[in-house]
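Spelled out, the chains give:
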Amino acid sequence: MKMVDFSSWFDADEARLAIFSSFVFEPMYFESRLMRSKALSGARRIIVFVDADQFQKLLTERPPARWINQRYLVVPVKCKSGGVFHPKLGLLLGDEHARLFCGSNNLTQSGSAHNLELLNSVMITTGGDEPKLDHLHLVTAALAVFKSCVEFGEPQAAKLAKRWLDEAGHDFTWLAELPARDQPNDQLELVHTFGGSIWDWLRERLGKSIPRKIQVLSPFYDRDLRLLGRVRETWPACAVEITAQQRTSNLPAKLLGQFSKNVRLFDLEGAGSRRLHAKLMIVTTDDKTICLSGSANFTTAAFDGRNVETCLAWTAGNGVAKELFDGDFTRVSISPDEFEPGVEQPPEEDTQPASPLFIKSALLDASGKLMVAFKLKDGIKIDKLAVAIQRLGEAIPAVCLEVKGNSAEMAEFVLKPELVSSFGGAVVVFLTVESSGQTSPPTWLIQEHRLTHEASEGGDHQGRETQIRETGRGLVEQLVEIGTKEGQLQVIQYLANLSIRFDDEERKKHGRSGFRPHIRDPYRPDTAPLWMTESVGQVPNIEAAILEFADRHERKVLQRHANRANINGLENFLDVLKTITKLLYVYWRWGVVGKHQMIGRLTTYVDIFTGGSEGDRKKGDDYDDEKEGPFGYIAALCEMLQGNFSLLKKPFEQNNVAGHLRVLLLIAQTVRVNPNDLGSSRPSRCLQTKLGQVRKSLGSIKMWPPSSDQIANALRDYEMLTEDEITAWLKEV
Amino acid sequence: MATSIDDSAVLLAWSEMIPATEGQDPLGLNLRVSARLSAQLLHCITSITPRARYFAFFPWCVADFERREKKEMADANFREAVRLREKALTLGCVLHHDGEPCQGGGLVGSEAAMTWLAAHSNQTPKFSDLKFVKNPAMDAYFNSMVHLGFFVPGVEQTSEIETEEQPEIAVADLELTDLGRRVATAYDQAVGKLSVALKLSKQPDGCRPEELMKWGAAGGLCELSDSGAPDRDLLREVFFNHVGSPGESHPFRHDSLTLLLELIRQLEPHELELTPFLLNDATYLEAVRQDAESPLVQIIWPKQLHDSAERWRMFHFHYYCAVALESLFVGVVSQARSSLMKGFQLETLVENLKGKSLGAFLESKFGQKIKGTFLDSTPRQLFAAAGVASPDLEQGKNGDIVKTLDLSHPLSETNLDADFYSGIDRDAPEGMACSLLMLVVAVTRFTRYEKTDYAKWLARAAEDPYKDVTVPIVLRELRQQFGNYLDATWREIALFVIRRFVIRQHEVLAYGKNWDGSRAFFHTEQDHIRWRQLNYDQIGVNNSRFSRALQILQDLGLVIHDEADKRLFKLTGDGKVQLKRELAEMEHK
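What counts, and at which threshold
- Position numbers for residues start from 1 in each chain and track the written sequence from start to end.
- All chains are assigned letters beginning with A, and all ligands numbers beginning with 1, in the order in which they are written.
- Confidence filtering applies because this is a predicted model: local features only for residues at pLDDT of at least 70, side-chain atom pairs given and counted only at 80 or more, and all residues used for totals across whole chains, interfaces and linings.
- Where side-chain values are given, they derive from all heavy atoms of the structure, hydrogens and water being excluded.
- Numbering of helices and strands runs from the N terminus, with a helix taken as a DSSP run of H or I at least four residues long and a strand as a DSSP run of E at least two residues long.
- Type-normalised accessible area, obtained with a 1.4 Å probe on protein chains alone, sets the label of each residue: buried when under 20%, exposed when over 50%, and partly exposed for intermediate values.
- Residue contacts are defined here by distance: any two heavy atoms, one from each residue, within 4.5 Å place the two residues in contact.
- Each accessible area value is a Shrake-Rupley result obtained with a 1.4 Å probe; residue values ignore everything except the protein chains displayed when judging cover.
- In summary, the charge assignment counts Lys and Arg as positive and Asp and Glu as negative, without counting His or the chain termini.
- To locate a charge, take atom NZ for lysine, CZ for arginine, CG for aspartate or CD for glutamate.
- Definition used in this section: a nonpolar core is a set of buried Ala, Val, Leu, Ile, Met, Phe, Trp, Tyr and Cys residues joined via side-chain atoms within 4.5 Å.
- By the convention used here, strands pair only if DSSP detects at least 2 bridges between them.
- In the sections that follow, a salt bridge refers to a side-chain nitrogen of Lys or Arg positioned within 4 Å of a carboxyl oxygen of Asp or Glu.
- For every residue, the predictor states its confidence as a pLDDT score lying anywhere from 0 to 100.
- Only Phe, Tyr and Trp rings are paired, with Trp represented by its six-membered ring, and only when their centres lie within 6.5 Å; those with planes under 30 degrees apart are stacked, over 60 edge-to-face, the remainder tilted.
- Lining residues are those with an atom within 4 Å of a point, where the points come from a 1 Å grid over the protein atoms alone and group into cavities, where a 1.4 Å probe fits but cannot get out, or pockets, open sets with protein on both sides within 12 Å along at least five of seven lines.
- Grid points are joined across faces, edges and corners, and a volume is the space filled by probe spheres set on the points.
- Classes in brief: Ala, Val, Leu, Ile, Met, Phe, Trp, Tyr, Cys and Pro nonpolar; Asp, Glu, Lys and Arg charged; the others, Gly included, polar.
- Only the contacting stretch of a helix is used when fitting its axis, a line to C-alpha atoms as for every element, and angles between N-to-C directions run 0 to 180 degrees.
- Orientation categories follow fixed angle ranges, with anything under 35 degrees roughly parallel, anything over 145 roughly antiparallel, 65 to 115 roughly perpendicular, and all other angles oblique.
- For a crossing to be left-handed, the near helix must be turned anticlockwise from the far one by less than a right angle; the clockwise case is right-handed.
- Working definition: a disulfide is two cysteine sulfur atoms within 2.5 Å of each other.

**Student:** Looking at this model, I keep getting lost on the overall build of chain A. Mind explaining?
**Tutor:** The helix and strand inventory of chain A stands at 28 helices and 23 strands. The buried share among the 733 residues of chain A stands at 59%. In chain A, the proportion of contacts linking residues at least 24 apart, taken out of those at least 6 apart, comes to 75%. Working note: accessible area of chain A is about 29500 Å², and carbon and sulfur atoms make up 48% of it.

Structural data, given as structure tokens:
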């Protein structure tokens, strides 16, 4: 008896494309456990096919889900034949490997961590010294199964999934390049009901062989044991052993009496609170033993192909069943009269009453076009129908869009970019009828443009985060990425929680590089939290967050350096100066930060850098180390070194202080431009007083004027202008 | 077994069960919300820092180590030095108290010290071999001392930066601030000239019992309350925030301690025992009483303490929300356990809320038989039966509920809470109905305060509405679900509340610390909730800092037990002066 932790299979290798199918799907388990795994956390694309009725049922329960249809795509699949979509198949495709799962477990917490399930998995490796390609045909077959799922999937989601699956051929070239191997008859085989019924497959596989014994392990059976009846009818001499668990299996044991003594019943012992959900059929003939293990219960719905099922089949040695029950739990013979069945019914009998109005799917594409496919029950009276959009964490929908005419059962809208960019995580949409207040069950918006996760997005995240906290470098790019992936609310929270470190190497000077106690003040202000204030149609105020971030770093870092006048802090001073200047400038160019917020701040930075024109010293709050003296970093440094400029020369040159100071002013001048005013129609004409201040400050340390190279290098340091733009800017100096 | 066709295939492997691990705080109501509120209200007084004298003793240890060992011995080990001094003080105190620990809670390691002393009376301890505890008490007190400003913090750290890292106090260069040095010097005046203080650094195994006893007499925990203790006045200044401790939360501790002094003053004539429940009533309902038969005592807070009292009211709003939801959780776990393999559906559990015992319970609450069944009635109907004519959900219009459901009313939250201590099982139908009533009463009462800054402050404690639950979130979602929930049936409310705030909340939290969800007490699949072999019957929400704050006030000599009735507290002369001074200063500000 071997035990395997299902989720551990996700902790070995990174996948680029992951595809699953499951009858029941639990977003919380999937996101909390599997999405955090090595296999899925960096996966480029993830698709989950689920039974459409079960998905509708899930929607009515409003389970918490943060990333559904935003980080991974869920495709509801409807069986046309009256059965259910029941396969439990998984495929992880990496650059040089593939792992396939085909077992009895759904993608749920109980299916993965509590029930008694039977798991099967094969691994393919294409790289390295010893590629293992024996089961490559299973990967190809699984991809074909998933392509078949697409045909029965909800159209909008399925269309997207189809494109991804088609692209897999290009993305994983080894799938096509590797030689197809002849499949031996006793080799592993993926059996599914897209190609016909499992019953027919079994008859074909047996050929002329007649089974001596069939052993069945299943939680669910036909109410009238029809499949068992067929087995007995087809192979009257064949012994049948059924293993079921009392109080959970629906086996109508009392009906077993109609069959001969050749049918024996076994109960499970020692399983504790674990529910038997495994499905297995072992067919023994005179010359071979065939195992069939996967999603198929011992029902006609599963074996006749009404359900969509997937199983692995192979030829095994003797004693397979015995070895399954030789550990903690065993099977014991039980009289059918003693067997107490459970109340749960087979999946095909678990139906959900249809809602009078529901959304089949809602898809948002990269251009901001929202397409909502919906269904209205015949006869339902609707005067004014609207689509409500509710962002993650909101109590009330942010937006309601009126549907103009509902006969086509498809509505299209164009969403404002600021609304789209405010979507952080999963977004819920539902229909509302104004007159009656009736609403449809909610569904999750498919955010197409966010579903493909490129490797660079998560690449060396820790290193980049450290760099931002140490130097500020990469902040704007990080904000853009967060905004794209998680929305503007997350950008605001990120900015609010980010503090670029202050550093003037005082600690090293005092030999205190070791342990320092840290303060965590539990103080919370009496203001409403973000989740309370950001609601009903409000677009998050990113401008305020940027200004708060800039002002905080002006006070806590720039001003503090000016006050402390330590040359060892020069690099940190410039890092933070560049970071907040770039942040303001980029968001000003994007129209997020107003011009009126820019000039005052940028000229203040010039003052803090140089010493200002008024000599009006500002106090850095929270610090008690202010001293009387000149205001401004350069001025304070000059005083500290008492005119010994040679000590400043080297670090100033190394850090290109002259270039950076001039560029700071140049950015301010560029923002200040007013094309309608001759006096400020070009950057070079603006802020002449400040220019004089910069000239004087750099002149006092014999660094005026900075060279074109120094200015160009400083501009490049910002990493926000093209070379053409830099050339144009230099003309304004 | 697992059949292997080759080593790249695993076939017929049984799924491994992720074992259930013991989980406290299953809905996150304690650590994720309550602890955040109390951390601000009683900043630096934690459940593991009950004794004020330690706050002087440890800075002294650091100063004494610097003075006697660090400069002279290159290999001196700071942690061992502190451990040594702790052992000596522990034993000294036990010796001073004739083999007993200090009153009000002995030093960490007192039990082991008493055992050692019983076996080695009159022997000189060999401290280098003795070990009373695994971890020194300084570990527990360290963070509080850092926040009070005794040690120099990291240069780049400011109050807005939070870190999850827990410091390890293992390095020698921990640096005292001026305040830390003042506190250390004050304690040094008590013990610095004792022979044991000199011996510990150079001859630790030569400290004789009579020398240690002197240390216990001069520098022990309960001796701080003596008027001659040289560090007492300074520690009072520290705890009442008159020393410029860094950060913004210290004024809240000041106000809470002053509020406790004021409450003790008001309770003294009525001979009422100050318990967490009484603090609860005093701030939540502004009235107290000993028991159901006792007369009500109105608590009138001076305007200077209005702010603190309101924050404690918010704390107790969350308390009742937590008691109600955790009690419902007990009911769910109990049902799952009794349903065994079959599991149960939530609807089944809710439909159980009927029967004679529930009828009798409701009759006791409302003084009359309730028409119809509990599940088919609405909160509005039950409020009407309770005498609340107009429980409107708008601030200012629902004065009725505050006025009517006072401390004497059987339906007030405090009396519903008391029912759990008088024989009602939380998992019985009447227990679950009691929880639902408590939640809805608290949420409806909260509507009167929801627009205030205090309500926003409470809401702030819920940092993530996906994972954190407190009253504003429950109210918000009830409104979202029902519009006016007062007109929803209790059946609808029970189904929604249990599904959203108990079952789903627990499932979300089960992944909080362990990705594998092993902290789950149950799991659901296809509507069925099944047990995962863990029991839960401990309601975890408590106010553990309250008793610690009372102990600190006693240590500081501001509060004492009544000699005639040890359950009762009263202010000392100094306590009265301190209260007057603090109120006057607050008035001035």
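**Student:** Could you clarify how one ought to interpret the overall build of chain B in this entry?
**Tutor:** Counting secondary structure elements, chain B contains 23 helices and 7 strands. Overall size of chain B, expressed as C-alpha extent along the three principal axes, is 80 × 80 × 50 Å. Sorting the 589 residues of chain B into buried and exposed places 61% on the buried side. At a minimum sequence separation of 6, the contacts of chain B that also span at least 24 residues come to 72%. Side chains of chain B give 66 positive and 83 negative charges; the mean places of these two sets differ by 2 Å.

**Student:** Hey, could you run me through the nonpolar core in this one?
**Tutor:** Looking at soluble globular proteins, one finds that nonpolar side chains tend to be buried together. Residues B:Trp215 and B:Leu325 are the most contacted members of the largest nonpolar core, which totals 190 residues. Of the residues forming this core, the biggest block, 18 residues, is contributed by helix H12 (residues 306-339) of chain B. In this structure, B:Trp215 is in contact with B:Phe57, B:Trp60, B:Arg85, B:Ala88, B:Leu89, B:Tyr187, B:Val191, B:Leu194, B:Val196, B:Leu200 and B:Gly220, ignoring residues within four places of it in sequence. Grouped together as the second largest cluster of nonpolar side chains are 74 residues, A:Leu479, A:Ile546, A:Leu577 and A:Leu666 included.

**Student:** Quick question: what am I supposed to make of the sheet that holds strand S22 (residues 443-444) of chain A here?
**Tutor:** Backbone hydrogen bonds are what pair the strands of a sheet, in a parallel or an antiparallel way. Residue and element names in this part refer to chain A. Spatially, the 4 strands line up as an open sheet ordered S19-S18-S21-S22, and their pairing is antiparallel. Two strands close off the open sheet at either side, each with one partner strand: strand S19 (399-402) and S22. Summarising the sheet, strand S18 (residues 385-390) and strand S21 (residues 428-433) pair through 6 bridges and their orientation is antiparallel. For Ala 388, the partnering residue across the bridge sits in S21 and is Phe 430.

**Student:** I'm lost on the pairing of S21(A) in this one. Help?
**Tutor:** Within a regular strand, the side chains alternate between the two sheet faces. Residues and elements named next belong to chain A. A large share of S21 lies buried, amounting to 5 of its 6 residues. For S21 and S22, the ladder comprises 2 bridges, and the chain directions are antiparallel. When the bridges of S22 are listed, Val 429 appears paired with Thr 443.

**Student:** Sorry if this is basic, but what is going on with the pairing of strand S1 (residues 9-15) of chain B here?
**Tutor:** With 7 of 7 residues buried, S1(B) lies mostly within the body of the structure. Where strand S1 (residues 3-4) of chain A lies against S1(B), 2 bridges are found, and the strand directions are parallel. Within the sheet, the bridge partner assigned to A:Met3 lies in S1(B) and is B:Trp14.

**Student:** Can you walk me through the pattern of salt bridges in this structure?
**Tutor:** For side chains of opposite charge, pairing can occur when their charged atoms come near one another. Scanning the model with the defined rule gives 72 salt bridges over all chains in all. For B:Lys342, the salt bridge goes to A:Glu340, with nearest N and O atoms at 3.3 Å. Linking B:Lys342 in the loop between H12 and helix H13 (346-351) with A:Glu340 in the loop between strand S15 (330-333) and strand S16 (357-364), this pair reaches from one chain into another. Judged by its relative accessible area of 28%, B:Lys342 is partly exposed. The exposure class assigned to A:Glu340 is partly exposed, which follows from its relative accessible area of 33%. One salt bridge connects B:Arg265 with B:Glu262, and the closest N-O pair in it is separated by 2.8 Å. One end of the pair, B:Arg265, and the other, B:Glu262, are both in helix H10 (residues 250-267), 3 residues apart, so they sit about a helical turn from each other.

**Student:** Explain the confidence of the model for chain A to me, please; I cannot follow it from the model alone.
**Tutor:** Low-confidence regions, as indicated by low pLDDT, have predicted coordinates that should not be scrutinised in detail. All names here are of chain A. Of all residues in chain A, 89% attain a pLDDT of 70 or more, and the chain-wide mean is 86. Confidence drops under a pLDDT of 50 for residues 507-514, and excluding neighbours within four residues, the segment shows 11 contacts in the predicted structure. This stretch, residues 613-629, has a pLDDT under 50; its non-local contacts, to residues over four places away or in other chains, come to 35 contacts.

**Student:** How should I be thinking about the packing of aromatic side chains in this particular structure?
**Tutor:** Aromatic ring pairs are defined here through the distance separating the ring centres and the angle between the ring planes. For the structure on display, the rule yields 51 aromatic pairs over all chains. With a centroid separation of 6.3 Å and 75 degrees between ring planes, the pair formed by A:Phe172 and A:Trp174 is classed as edge-to-face. Between B:Phe57 and B:Tyr187 the ring centres are 5.8 Å apart and the planes differ by 75 degrees, which places this aromatic pair in the edge-to-face class. Within this pair, whereas B:Phe57 is found in helix H2 (residues 54-70), its partner B:Tyr187 is found in helix H6 (residues 178-191), the two being separated by 130 residues in sequence.

**Student:** When you look at helix H23 (residues 633-640) of chain A in this model, what are you seeing that I'm missing?
**Tutor:** Think of an α-helix as turning once every 3.6 residues; residues three or four places apart then point the same way. All names here are of chain A. Looking at H23, one finds that the buried residues are Tyr 633, Ile 634, Ala 636, Leu 637 and Cys 638. In the core, the buried residues of H23 are packed alongside helix H20 (542-564), helix H21 (570-589), helix H22 (599-610), helix H24 (646-654), helix H25 (657-672) and helix H26 (688-700). Where H23 terminates, the next one or two residues include Gln 642, which has phi positive at roughly 50 degrees.

**Student:** Before we go on, may I ask you to explain empty space enclosed by the protein in this structure?
**Tutor:** Residue and element names in this part refer to chain A. Tallying each qualifying case throughout the model produces 14 cavities of 30 Å³ or more. Roughly 150 Å³ of volume is contained in the largest cavity. Considering the residues around the largest cavity, the lining is formed by 14 residues, among which Gly 472, Arg 473, Lys 578, Thr 579 and Asp 717 are closest to the centre. Looking at the lining of the largest cavity, the elements that each hand over two or more residues are helix H16 (475-486) and H21. Tallied by class, residues from the lining of the largest cavity come to 3 nonpolar, 4 polar and 7 charged.

**Student:** Where do I start with the packing of H6(B) against helix H8 (residues 209-219) of chain B in this structure?
**Tutor:** When two helices pack together, their arrangement is given by the angle between the helix axes and the distance between those axes. Residue and element names in this part refer to chain B. Axis separation between H6 and H8 bottoms out at 8 Å; the angle between their running directions is 130 degrees. In terms of axis orientation, H6 runs oblique to H8. Relative to H8, the crossing made by H6 is right-handed. Residues Tyr 187, Ala 190 and Val 191 of H6 form the contact with H8, whose participating residues are Trp 215, Ala 218 and Gly 219.

**Student:** Is there a simple way to think about the sheet that holds S16(A) in this case?
**Tutor:** Residues and elements named next belong to chain A. Ordered by their spatial adjacency, 4 strands build an open sheet running S20-S17-S16-S23, and the pairing between neighbours is mixed. Both outer strands of the open sheet, strand S20 (410-414) and strand S23 (446-447), are each paired with one neighbouring strand and no more. Two elements, S16 and strand S17 (residues 369-376), share 7 bridges in a ladder whose sense is antiparallel. Considered in S17, the bridge of Ser 361 is made with Ala 373.

**Student:** Where do I start with the environment of B:Ser308 in this structure?
**Tutor:** Residue and element names in this part refer to chain B. In this structure, Ser 308 sits in helix H12. Sequence separation between Ser 308 and Ser 256 is 52 residues; the distance between their C-alpha atoms is 6.2 Å. Those residues in contact with Ser 308, other than ones at most four positions away along the chain, are Asp 255, Ser 256 and Leu 259.

**Student:** It is not clear to me how unusual backbone geometry should be interpreted in this structure. Could you clarify?
**Tutor:** Trans is the common state for peptide bonds, and a negative phi is the common state for residues other than glycine. For the peptide bond that leads from A:Trp704 to A:Pro705, omega is -5 degrees, which places it in the cis range. As for its position among the elements, A:Pro705 is in the loop between H26 and helix H27 (708-717). The phi angle at A:Leu225 is positive, at roughly 55 degrees, despite the residue not being glycine. Tracing the sequence through the fold places A:Leu225 in the loop between strand S9 (213-217) and helix H9 (226-234). Phi is positive for B:Asp25, close to 50 degrees, though the residue is something other than glycine. Note on B:Asp25: relative accessible area 13%, which makes it buried.

**Student:** It is not clear to me how the side chain of A:Ser37 should be interpreted in this structure. Could you clarify?
**Tutor:** One can find A:Ser37 in the loop between helix H1 (27-34) and helix H2 (38-41). The residues touching A:Ser37, leaving out its near neighbours within four places in the chain, are A:Phe10 and A:Asp11.

**Student:** Sorry, what's going on with the environment of B:Glu175 here?
**Tutor:** Within the secondary structure, B:Glu175 sits in the loop between helix H5 (138-148) and H6. In this structure, the C-alpha to C-alpha distance between B:Glu175 and B:Val62, residues 113 residues apart in sequence, is 8.1 Å.

**Student:** What is the right way to read the state of the cysteines from this model?
**Tutor:** Linking two cysteines covalently through their sulfur atoms gives a disulfide. Scanning the model with the defined rule gives 0 disulfides over all chains in all. You can see A:Cys149 has no disulfide; the closest cysteine sulfur is in A:Cys79, sitting 9.1 Å from it.

**Student:** I tried to follow the confidence of the model for chain B on my own but got confused; where do I start?
**Tutor:** All names here are of chain B. Looking at chain B as a whole, the pLDDT averages 89, with 92% of positions reaching at least 70. Confidence, read as mean pLDDT per element, is least for helix H16 (residues 399-404) in chain B (82) and greatest for helix H9 (residues 232-239) (98). Segment residues 155-171: pLDDT under 50, and 32 contacts once partners within four positions in sequence are set aside and those in other chains are kept. Model confidence for the complex is summarised by a pTM of 0.78, with the ipTM given as 0.81.

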